[in-house]
Amino acid sequence: EKHWSRRLRTLERIVDKVPCTNEYPAYASFTGKPKERHLYDEYPSVRGKTLFLSKDRLYLTRRIIDEVFDFGVLEENKLVDLITALHDANYGEMPTADWFLKRWVYFYQAEADRVGAPYVTHYAIIKHRTCPRYLRPFAQPLMEIRSYFGEKIAFYFAWLGFYGYYLIYPALGGLICTLYLLFSGTSDEAIGIHPEQIIMALALVVWSAFYKESWDIESQYCALKWGTLNFEEQEVDRPQFHGDPDGEPRRISPVTNQKETFYPPEKRQQTQRNSLFIIIFFIIALILVIVLIFEIEYLMYLQGGFLASATGAVGVLQAVLIQILSEQYGNFANARNDKENYRTQTEYENALVLKKFLFEIFNNYSALAITAYFKGVYFICTSGTYKQNCLGDLKLLLISIFGTRFALAIYSAYEERVNRIIELVFGPTKNKDDDADSDDDSDDENDDLEGGGINKKKSSANAISETQRFETELELKAYEGTFDDYAEIVLQMGLVSMFTLGWYLVPTLGVLEVLLQIRVDAYKLAAQTRRPDPAPAESVGSWGVLMESMGVLAVYANAGIVVFTTRSFSNYSFLEKLLIFFVLEQIALVLKIVTHASIIDVPTDLSDKKRRNDHVVKRHKVVAFDDDDVVMAGQDDDDTDEIPSSMTQRRNIGIGDDYDLQKKREADKKRAAEHAQKISDLALQRGAVDADLLDVNALKPDKPLTRIQQHRLEYLRRKLLGVDKDLALLRNQYKVACRHEVYKPKLGISYSRKDPDLALGLLSVTVVEANGLGTLDAPLDANKHPVRIIAHVREDRGDADETKEENPSISVGPPPQVSKPAKKAKRTT
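This one's a predicted model, so the numbers in the text were calculated from it and none came from an experiment.

1. As for the packing of helix α13 (residues 391–413) against helix α19 (residues 506–528)
If you want to describe how two helices pack, look at the angle between their axes and the distance between the axes. Axis separation between α13 and α19 bottoms out at 9 Å; the angle between their running directions is 15°. As far as their axial angle goes, α19 and α13 are roughly parallel. Classified by chirality, the crossing of α19 by α13 is left-handed. Contact with α13, carried on its side by Leu398, Phe402, Arg405, Phe406, Ala409, Ile410, Ser412 and Ala413, involves Val506, Leu509, Gly510, Leu512, Glu513, Leu516, Gln517, Val520, Tyr523, Lys524 and Gln528 of α19 and no other residues of that element. Per-class residue counts for the contact of α13 with α19 are 12 nonpolar, four polar and three charged.

Dropping the structure here:
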């Protein structure tokens, strides 16, 4: 310990002379030991250097608060109005909300080395590296997003940017097919086999598999870079989780023997079954509505004239209906999910994903599937050259769907401005919230007159005070999370991978929508919503499974469009088409499986980085060395002078040496025995256990060890290091316990040193009979008559000659009281 400061100064001098950047630093649990302080990275802040980023401080603060007060429950029960993280909590510390507006939202105005990178493994992610000009639309400051908003939101934007970047490949393929049809003078609706359609269908299947595997690797790099690899958080109960109102809302846990909120799984399963039946009913009703719309379109086309020309608007109606039903069903799904009363947030979100996507798959793809596979058979194709080929109708419907998605994305960014324009034109709309806030407005006016309020007109000319800045943030909307944003892009991936054959420019529109979505979501976070609570995350969760499901659906959708929708196989019978469909589908499935199998889940570079970080943590944090020539753990540098040089260095004996090898072995054996004795004496002085086994080198025999013996010796050496560490931990725990309590062997329980008559322990008591509280035949009902049991353990009084020190129970002491556990040690951050 006396040399750690000198080592720290040496390391600082080395770092000053050799600047370097570790792209994937190692992460370890933080402890407050001074001699380990130099191992952790430091960050600049308004208060000087700090060990924690802004998102870390907010996360730790919220966790500490929630250990005392569960503000989520208080907010749910309207006892607390709001608890939220603030933008720029440390005002002036980078990054800020304005910084994100300048370099994230308006990226085209920012410096080339400040816009970030398209994905985490890109070289431009390193500070002061320049992103290529052609990639700047995809670039995002992902490291700053993570340090400000936390890993959960950073993972969403990393996934969104990565998906948009990989959409370039199918977009280029679609552009090539479009140019081929344009310059060749052919039509994709002409009779005959179209090779470009088959190639594009197989390429989309391969791309979906390639993207999924690439993102799995990229997400591991993100988790490694951000320190959340193998992160497992012990989830707490949701604030909305409640006990069974009809039964026992709280019960004694059979695991912890403590009271907990309890909701019967049987009731939840019954609610889930009811929800499933309702969802199936909605899906059937949705399909009937879509079929009815197609029937109306068919009748309009048969009428001719103006009605026939107006059939093109049916596609717009379908696209608008998709968005309306999606929003309305989303409210229903949230209500049903709330009724199922899930304990943790992960369980709640997984159930919500399942409910929404069971409906959304039919809502978003039913009209397209009917147009592609059944419209030409049961109705009539209203667009295109051939009325039995509905590629033209499919193209118009895709244009309508993407046009609606673009319009909604733009509206969400300018929603406040649009609402203001509506208020200017039609006047402000009065609602209940305005009535409820009228009293608060009058109070603010009185405060202004008294001088204690905020004069907004005056503050507009002067600098905004800190109080006003915080109060302004409270007027912003709460951030709704990334659930709907994930859902929109996953559904878009289905459109790209399944229906690109209807219009080759669908991937290009997908790229443009992703680029727009990145900036719109960034603008919402930086300017329109309150700062969300930072939360760690290891991956995108169940959304990865949904992306894989879209790749599986793409196999059958593309094969079906090639065989049944296009005119490539129009001269074949239905049975022949069905056989071709199965062959093409199997080829696509094999290509998908081969693509998945050909990409290594953990590349060598990633594996090496993981192993390197594990080695760094073990070497510098855990202090576990791999070499046998290291001195005993905990030994000072000065003690190494007592060890012979032959034991601290590896010796290689040459074949041509003149001295006798046998004498050399005997001399080494003798020195090893002397060294082992010194180590044992030194260890005994320090109170080590089994000190004669602390030096593994002294146990080596004269003969060379076999490979099995070497592995066994290495195993014992590592086990010994682990035992030493465990012993040191137990000693510290024992010392801490001895400072607060004293153990009474006769009673088998500890007593507090501060209050000698206070027993520390947990007793499980069963009341069999109590005077006036019931009998064995008629026991007391604890639910109707709560009983409080006060237990106190005391020694039996000994002889009268015993002293007060020998038997503390002789003293009168305080009256018996309920035993309480010892207070937890204060947390060091």
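From this point, the narrative continues.
2. Considering the confidence of the model for the protein
Overall, the predicted model of the protein reaches an average pLDDT of 76, with 73% of residues at or above 70. Considering each helix and strand of the protein separately, the mean pLDDT is smallest for helix α23 (residues 645–648), with a value of 34, and largest for helix α6 (residues 151–166), with 94. Counting contacts from residues 793–829, a segment whose pLDDT is below 50, to residues more than four positions away or on other chains yields 53 contacts.

3. Regarding unusual backbone geometry
Its identity is not glycine, yet His128 carries a phi of approximately 70°, on the positive side. On the secondary structure map, His128 appears in the loop between α4 (97–105) and α5 (142–149). The exposure class assigned to His128 is exposed, which follows from its relative accessible area of 56%. Positioned with a positive phi, Asn341 is a non-glycine residue whose angle comes to about 60°. By secondary structure assignment, the location of Asn341 is in the loop between α11 (313–340) and α12 (345–378).

4. Examining the packing of aromatic side chains
Two descriptors summarise a pair of aromatic rings, namely the distance from one centre to the other and the angle between the planes of the rings. This structure, assessed with the given rule, holds 45 aromatic pairs. Aromatic pair Trp104 and Phe157: ring centres 4.8 Å apart, planes at 75°, arrangement edge-to-face. Of the two residues, Trp104 is situated in helix α4 and Phe157 in helix α6; the sequence distance between them amounts to 53 residues. As far as burial versus exposure is concerned, Trp104 and Phe157 are alike and both buried. On the basis of an interplanar angle of 40° and a centroid distance of 6.2 Å, the ring pair of Phe564 and Phe574 is categorised as tilted. Residue Phe564 is located in helix α20 (residues 543–565), and its partner Phe574 is located in helix α21 (residues 574–598); the two are separated by 10 residues in the primary sequence. Residue Phe574 is classed as exposed on the basis of its relative accessible area, which comes to 57%. Note that Lys225 overlies the ring of Tyr24, its terminal NZ or CZ placed 4.6 Å from the centroid. Directly above the ring of Tyr148 sits Arg531, whose terminal nitrogen or CZ lies 3.7 Å from the centroid.

Definitions and limits used
- Residues numbered from 1 in each chain as written.
- Predicted model: local features only at pLDDT ≥ 70, side-chain atom pairs only at ≥ 80, totals over all residues.
- Heavy atoms only, no water.
- Axes fitted to C-alpha atoms, helices over the stretch in contact; angles between N-to-C directions.
- Helix = DSSP H or I, 4+ residues; strand = E, 2+ residues; numbered from the N terminus.
- Parallel < 35°, antiparallel > 145°, perpendicular 65-115°, else oblique.
- Left-handed = near helix turned anticlockwise from the far one by under 90°.
- Contact = heavy atoms within 4.5 Å.
- Nonpolar A, V, L, I, M, F, W, Y, C, P; charged D, E, K, R; others polar.
- pLDDT = per-residue confidence, 0-100.
- Buried < 20%, exposed > 50% of the residue type's maximum accessible area, 1.4 Å probe, protein only.
- Phe/Tyr/Trp six-rings, centres within 6.5 Å; stacked < 30°, edge-to-face > 60°.
- Lys NZ or Arg CZ within 6 Å of the ring centre and 35° of its normal.

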